[in-house]
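# Coordinate analysis (summary)
Listed below are the residues making up each chain.
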Amino acid sequence: MTFSAMQSYANFTFPNHLQPRPLLPKAQQLPPFPWNFAKQSNGTGLLAFKHLSISSSLQGFNFFDESRDRKPRESLVPCKAYEGHRFQLPIQINIEFDEEAREVAAQKLKIGLYFASWWALNVVFNIYNKKVLNAFPYPWLTSTLCLATGSLMMLVCWATKITEAPKTDLNFWKALLPVAVAHTIGHVAATVSMSKVAVSFSHIIKSGEPAFSVLVSRFFLGEAFPLAVYLSLLPIVGGVALAAANELNFNLTGFIEGMIGNLAFVFRNILSKRGMGSVGGVNYYACLSMMSLLILTPFAIAMEGPQIWAAGWDKAVSQIGPNFIWWVAAQTVFYHLYNQVSYMSLNETSPLTFSIGNVIMRRVSVIVASIIIFRTSVQPINALGVAIAIFGTFLYAQVTFSHSCSGSIKSEEVKDGPGRKNAEIGIKFTMEIYKFML
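Here goes a summary of the coordinates provided. Please read all numbers here as calculations on a predicted model, not as lab measurements.

A separate point is the overall build of the protein. Across its full length, the protein carries 16 helices and four strands. The burial tally for the protein puts 45% of its 438 residues in the buried class. Taking the intrachain contacts of the protein between residues at least 6 apart in sequence as the baseline, contacts between residues at least 24 apart amount to 83%. In the structure as shown, the protein presents an accessible area of about 23500 Å², 64% of it carried by carbon and sulfur atoms.

Another point: the packing of aromatic side chains. Per the stated rule, a full pass over the model turns up 16 aromatic pairs. Here Phe136 and Trp313 contribute two aromatic rings whose centre-to-centre distance is 6.1 Å and whose plane-to-plane angle is 80°, an arrangement assigned as edge-to-face. Of this pair, Phe136 sits in the loop between helix H3 (99–135) and helix H4 (139–159) while Trp313 sits in helix H11 (residues 306–320), placing them 177 residues apart in sequence. Classification of Phe136 as buried rests on a relative accessible area of 2%. A centroid spacing of 6.2 Å and a plane angle of 85° characterise the contact between Phe172 and Tyr284, whose relative ring orientation is edge-to-face. In this pair, Phe172 is assigned in helix H5 (residues 170–196) and Tyr284 in helix H10 (residues 281–303), connecting sequence segments 112 residues apart.

This paragraph deals with the packing of H11 against helix H12 (residues 323–348). Contact geometry of H11 with H12 gives a least axis separation of 7 Å together with a crossing angle of 115°. Residues Trp313, Ala316, Val317 and Ile320 of H11 form the contact with H12, whose own contacting residues are Asn323, Phe324, Ile325, Trp327 and Val328. Residues that form the contact of H11 with H12 fall into these classes: eight nonpolar, one polar and no charged.

Counting 46 residues, the largest nonpolar core has Trp118, Leu176, Tyr284, Leu288, Phe324 and Tyr335 as its most contacted members. Every element with two or more residues in this core is listed here: H3, H4, H5, H10, H11 and H12. Core analysis: the second largest hydrophobic core is formed by 10 residues, Ala243, Val364, Ile367 and Ile390 among them.

Burial within helix H7 (residues 209–219) is extensive, with eight of its 11 residues counted as buried. Every buried residue belonging to H7 is among Glu209, Pro210, Ala211, Phe212, Ser213, Val214, Val216 and Ser217, and all of these are buried.

What counts as what
- Residues numbered from 1 in each chain as written.
- Predicted model: local features only at pLDDT ≥ 70, side-chain atom pairs only at ≥ 80, totals over all residues.
- Heavy atoms only, no water.
- Helix = DSSP H or I, 4+ residues; strand = E, 2+ residues; numbered from the N terminus.
- Buried < 20%, exposed > 50% of the residue type's maximum accessible area, 1.4 Å probe, protein only.
- Contact = heavy atoms within 4.5 Å.
- Areas by Shrake-Rupley, 256 points an atom, 1.4 Å probe, with all protein chains shown as cover.
- Phe/Tyr/Trp six-rings, centres within 6.5 Å; stacked < 30°, edge-to-face > 60°.
- Axes fitted to C-alpha atoms, helices over the stretch in contact; angles between N-to-C directions.
- Nonpolar A, V, L, I, M, F, W, Y, C, P; charged D, E, K, R; others polar.
- Core = buried A, V, L, I, M, F, W, Y, C linked by side-chain atoms within 4.5 Å.

Here you go:
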């Protein structure tokens, strides 16, 4: 329905066959302009007579009932205005935001905050972890202290109601046991590797995690991948091998332990995703830390023992001073915090997204920060190997995501979690970050 509003006044009327009841008690009429306004304005050339057409649509004119709850006028009558002599689409006055677009933006922001916190906390942890291991080279005790601190922190949170304690049963703890075993092995192996090689090289080794993820999914879970996925693993493996072959401080024990850690953490991530939904990411990692602590403690005592720990502690304190105690405290607290946030991230995405974010940005952040802080000498060939491995991870992510969307990959990594939609949002988000870095 179209009305015409003249510039002297505007009075809206309707055809008789519609006859809607008025929205307002009285018809609105604009006051007339002064009689000489148009003449004076035309003399200046600033005013030209043009009709203003107003189009209005109102559903249910014949069924309008004032006795019902009246909705705001702007939600009932969207108006569009344009100059009558021009042939163009109406100008949309009211702007509505799509609900789905808001949800996607909110999910991206949430995942972005989780990932940024995860990366930052991990950088701090690695710095203090290496400082402690340089002064106190006992990785089994260091690993045990990290789990003990995290378990104590969560017990305090549950006791003070900061976090609601999870409701678990015997079946939950049975399902958690293999996850705890994988987490314990990966945690100790990573710490031993860190004590033997530089921080940067340790994370270069860990950048090969996607290759282990594919191998585990293929041979243990029976999942099939297209040829493009396997080809994308070649630069990852080649880049890690190139960096390792030219590492100045190469240590075979550190290299092997790093590979064992990769394999263990892949199992942990896949198994964790299946049992996390019942209690959430925060409480799930708390329970995982407690069970891992029970598993690790007897092995730590057998491998090193209290006497060795006491002698090493006294030596470190005498050399470093009271700052050593602060280093140990910071290392254990930041270990728990970064893992806690990582499980919150895993709870919001898929293991595939988690693995991409883990390698693309976290490894790069740690490698760069450790080189700067510890002044690690890096040969150009090492840098080239790292670049090739990281770029291979990017190709792997692109291929895996495209095939998962097309249905070529029917994996638990895509079906699990709060939904396929969140997984796709997370993958796209990490891909956007990597493209920005390039």
